[in-house]
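# A look at the structure
This is what each chain is made of:
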Amino acid sequence: MLGLVRCILGFSLIIFIANTATASDRKFNLGQIASSEEVAGWDIDVRPDGFGAPIGSGTAFSGEEIYAEVCAACHGDFGEGADRWPPLVGGEGSLASHDPEKTTTSYWPFASTIFDYIYRAMPYGEAQSLSYDETYEIVAYLLYMGDIIEEDFVLSDKNIGEIEMPNKDGFLLPDPRPDIMNTHGNPCMTNCQVSTNIIGKARDIDVTPEDE
Amino acid sequence: MKKNKKKELSTFKKINRRDLIIGASSIGAFSLTPKKLLSEEANPENLPPNLPEWTQYLGDGVDVNPYGMPSEFEGHVIRRNVEWLTASAESSVNFTPLQDLEGIVTPNGLCFERHHGGVSVINPQDFRLMINGLVDREMIFTLDDLKRFPQTNKFYFLECAANGGMEWRGSQLNGCQYTFGMVHNVQYTGVKLSDLLLETGLKEKAKWVLAEGSDSSGMTRSIPIEKILDDCIIAWAMNGEALRPEQGYPARLVVPGWEGNMWVKWIRRLEFGDKPYMTREETSKYTDLLTSGKARMFTWVMDAKSVITSPSPEKPILAKGLHQLRGLAWSGRGKIKRVDVSIDGGKNWKTAQLHSPVLSKSLTRFTLPFEWNGEELLLQSRAIDETNYVQPTISELQKIRGVNSIYHNNSIATWLVSKNGKVDNVRLG
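If you're wondering where the values come from, they're calculated on a predicted model, not measured in any experiment.

### Considerations on the packing of aromatic side chains
Applying the stated criterion to the full structure yields 18 aromatic pairs over all chains. With 5.9 Å between their ring centres and 70° between their planes, F141 of chain B and F149 of chain B make a pair best called edge-to-face. Joined through ring pairs, the aromatic side chains of F115, Y119, Y132 and Y136 of chain A make up one cluster. Positioned above the aromatic ring of Y277 of chain B, the side-chain terminus of R47 of chain A is 5.8 Å from the ring centre. The ring of W349 of chain B carries R382 of chain B above its face, with NZ or CZ at 3.9 Å from the centroid.

Here you go:
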């Protein structure tokens, strides 16, 4: 978290520690106090409200080049995917269909998640190698391809928490399970009315790997 | 006559020894030829009244295997993957060979692997666990620090929420390993997070934890504070030895009964906050899409489930007469209370024997003796946990969730035993 808010938090925390953290507060007296610098180096997460977004900005217009350079080989020039690497955009309106396409723009509920994930894990095999500006640019380019922002929209730490994703209301909470409690511990034991017709065999589908 | 025999045996021994040396130098050689090792018939020269070579001659000394490996004849007991499932082996999964295991403990080298950026290799001297955010003191712990805290030792199963995920629409993979093998069960040694947090203190506003891995995927999940304080552990050992690299060496998070994705490996940081972080893994993945197009989110608990490990597609019935049906059951909500087995596709059920120990949120072993006389069987097992939840059929799940959930398929599987003893994964309807 290199955001201004976090810097202030870190600063106030140092004062707090200096004033109050004595060994007697700690039950076991193990471990070391983390410096704000140490925390800032590892604290890279970004929350939906923009909390943690690092200072930086980028537009889709400027993102096209960096996207082509570091993303397109696996995800296609237009985010359509390549081989078995996943598509990043498209699939709008497909979620209730037989073959839903869950992409960043059709399914992901928050823009912050796209930034967080790309910065921490992409490009695949070269994690945390992009600059903050490059990451904003790539996110802006994806959002532009998904018709969520305009090509010249300046995406930044100030507004990433305000981007409305198309599927932001697509998720249900809380977990309703156990959603199947028909028998409450006393299921049928004898002469149960069930169909025992074989309607499919894995052998016929023939996709199971075989030992050499 | 006796002399001649000795000579023959001696020749046999030489060949065998060379094989052993080749085998010992490369585990890979074993795994490439498991079928060959298994299909060899018994050698009559080793059977009564003859003396086998191992009875007459010396075997390896104590200096040969500083770290012991399974018998070369167990070379078929390995993790296996499905190549077409994923784009790259570094972000992929393999499966535990449940069909070959006994009891409830999964040997460390057979615990299934799921990585998102390959296996990180970490010198324990370079390990640091950072705790930051809404705590009284932001702190950093070394591995030695963690080991000085009060210790806990617990058996827990870890199941990937996508275990059986390929079977939502129909029977697709013909194996116990491929359809149920994203689960393992080991004893963890570690420090309870509730103890660790006594050191950092916790702000009142802290409601969520972001657990973050140090691997190249930077794996992150949000976990509610109640669960963290209830039974979560930072573990550094499994089954009595250090975590295996592929299981998060030197330390991982243990989230008992909840989906495996949350058990962050190679853990480097816990951030406390007042809201969930909505990471990639808990929004775009590990959400359960329903037919309405809406998806359930934060479906953490692994519901009760069971599987017959033998007979199974990998374990055909080879002879008529008495057999011991074997299986495993587990529940993320507590202990297994009962397991029923059907041999006629669910029309009639018998209660199987549970073997101790029966532990909360742990695999539980069940067996049931049965006679086979060459008839067709439709084998099923049905777990009931201590909350009285009964493992459902796939059609019960499909009615409520459709077929696009991917995750949390805990339905009853059916193994068809044919008249020739072969076993198939089939779907009834």
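### Some details on the packing of helix α3 (residues 60-70) of chain A against helix α6 (residues 132-145) of chain A
All names here are of chain A. Viewed as axis vectors pointing N to C, α3 and α6 meet at an angle of 100°, and their least axial separation amounts to 7 Å. As summarised for this structure, α3 and α6 are arranged roughly perpendicular, according to the angle between their axes. Contacts between α3 and α6 involve A60, S62, G63, E64, I66, Y67 and V70 on the former and, on the latter, E134, E137, I138, A140, Y141, L142, Y144 and M145. A class-by-class count of the residues in the contact of α3 with α6 yields 10 nonpolar, 2 polar and 3 charged.

### Overview of α6 of chain A
Working note: α-helix, 3.6 residues per turn, so residues spaced by three or four point in the same direction. All names here are of chain A. Between its first and last C-alpha atoms α6 spans 20 Å; for 14 residues at 1.5 Å apiece the expected length is 20 Å, and the two agree. Within α6 the residues assigned to the buried category are T135, Y136, E137, I138, V139, A140, Y141, L142 and L143. The secondary structure elements touched by the buried residues of α6 are β2 (57-58), α3, α5 (111-121) and β3 (155-156). With its phi angle positive at about 60°, D147 sits one or two positions after the end of α6.

### Details of helix α7 (residues 193-200) of chain B
The buried count for α7 of chain B comes to 6 of 8 residues, which makes it a mostly enclosed element. Those residues of α7 of chain B lying buried are L193, D195, L196, L197, E199 and T200 of chain B.

### Quick look at the pairing of strand β23 (residues 423-428) of chain B
Residue and element names in this part refer to chain B. For β23, a buried count of 6 out of 6 residues is recorded, marking the element as mostly surrounded by other parts of the structure. Where strand β22 (residues 414-417) lies against β23, 4 bridges are found, and the strand directions are antiparallel. Across the sheet, residue L416 finds its bridge partner in β23, namely D424.

### A closer look at the pairing of strand β12 (residues 267-273) of chain B
In regular strands, side chains alternate between the two faces of the sheet. All names here are of chain B. Across the 7 residues that make up β12, a large majority, 7, are buried. Pairing of strand β3 (residues 129-133) with β12, which is carried by 4 bridges, proceeds in the parallel orientation. Looking at β12, one finds that I131 is bridged to L270. Pairing of strand β7 (residues 208-213) with β12 involves 6 bridges; the strand directions are antiparallel. Of the residues in β12, the one forming a bridge with A211 is L270.

### Some points on the interface of chain A and chain B
At the interface, 85 residues of chain A touch 108 residues of chain B. Each partner contributes to the roughly 8200 Å² buried at the junction of chain A and chain B, and carbon and sulfur atoms together form 56% of this total. Taken together, the links from chain A to chain B amount to 12 salt bridges. Where R269 of chain B meets D43 of chain A, a salt bridge forms, and the shortest distance between an N and an O atom there is 3.1 Å. At the junction of chain A with chain B, the criterion picks out 50 residue pairs in polar contact (both at pLDDT 80 or more). Contributing elements (two or more residues each) for the side of chain A that touches chain B: α1 (4-20), β1 (32-33), α2 (36-42), α5, β4 (171-172), β5 (198-201) and α7 (202-205) of chain A. The element that contributes the greatest number of residues to the side of chain A that touches chain B is α5 of chain A, accounting for 5 residues. Here the residues of the side of chain A that touches chain B sort into 44 nonpolar, 19 polar and 22 charged. The pairing of β4 of chain A with strand β14 (residues 295-296) of chain B spans 2 bridges and is classified as parallel. When the sheet's bridge partners are listed, L172 of chain A is paired in β14 of chain B with R296 of chain B.

What counts, and where the lines are drawn
Residue positions within a chain follow its written sequence, with the count starting from 1. Here every chain gets a letter starting at A, and every ligand a number starting at 1, in the order they are written. A pLDDT threshold of at least 70 governs which residues receive local features in this predicted model, and a stricter bar of 80 or more applies before side-chain atom pairs are shown or counted, although totals over entire chains, interfaces and linings include all residues. Hydrogens and water are ignored here; the side-chain numbers use all heavy atoms of the structure. Aromatic contacts are taken between Phe, Tyr and Trp rings whose centres are within 6.5 Å, Trp giving its six-membered ring; a plane angle under 30 degrees counts as stacked, one over 60 as edge-to-face, and the others as tilted. By definition here, charges over rings are those cases where NZ of Lys or CZ of Arg is within 6 Å of the ring centre and within 35 degrees of the ring normal. Convention adopted: a line fitted to C-alpha atoms gives each axis, helices being fitted over their contacting stretch, and angles between N-to-C directions are expressed from 0 to 180 degrees. The numbering of helices and of strands both runs from the N terminus, where a helix is a DSSP run of H or I of at least 4 residues and a strand a run of E of at least 2. Comment on the angle field: the value is read as roughly parallel under 35 degrees, roughly antiparallel over 145, roughly perpendicular from 65 to 115, and oblique elsewhere. Should any heavy atoms of two residues lie within 4.5 Å, those residues are counted as being in contact. Here the term charged refers only to Asp, Glu, Lys and Arg, the term nonpolar to Ala, Val, Leu, Ile, Met, Phe, Trp, Tyr, Cys and Pro, and the term polar to all other amino acids, Gly among them. Residue count minus one, scaled by 1.5 Å, sets the expected span of a helix. Here the term buried applies to any residue with accessible area under 20% of the maximum for its type, exposed to any over 50%, and partly exposed to those in between, with areas from a 1.4 Å probe on protein chains only. In this analysis, strands are considered paired if DSSP registers two or more bridges between them. Throughout, the accessible surface (probe 1.4 Å) given up by two parts as they are put together, summed over both, is called the buried area. Just to be clear on terms, a salt bridge is a Lys or Arg side-chain nitrogen sitting within 4 Å of an Asp or Glu carboxyl oxygen. Any pair of N or O atoms that falls within 3.5 Å is considered a polar contact. Within protein, one atom must be able to donate a hydrogen and the other to accept it, and sequence-neighbouring residues count only if both atoms are side-chain atoms.

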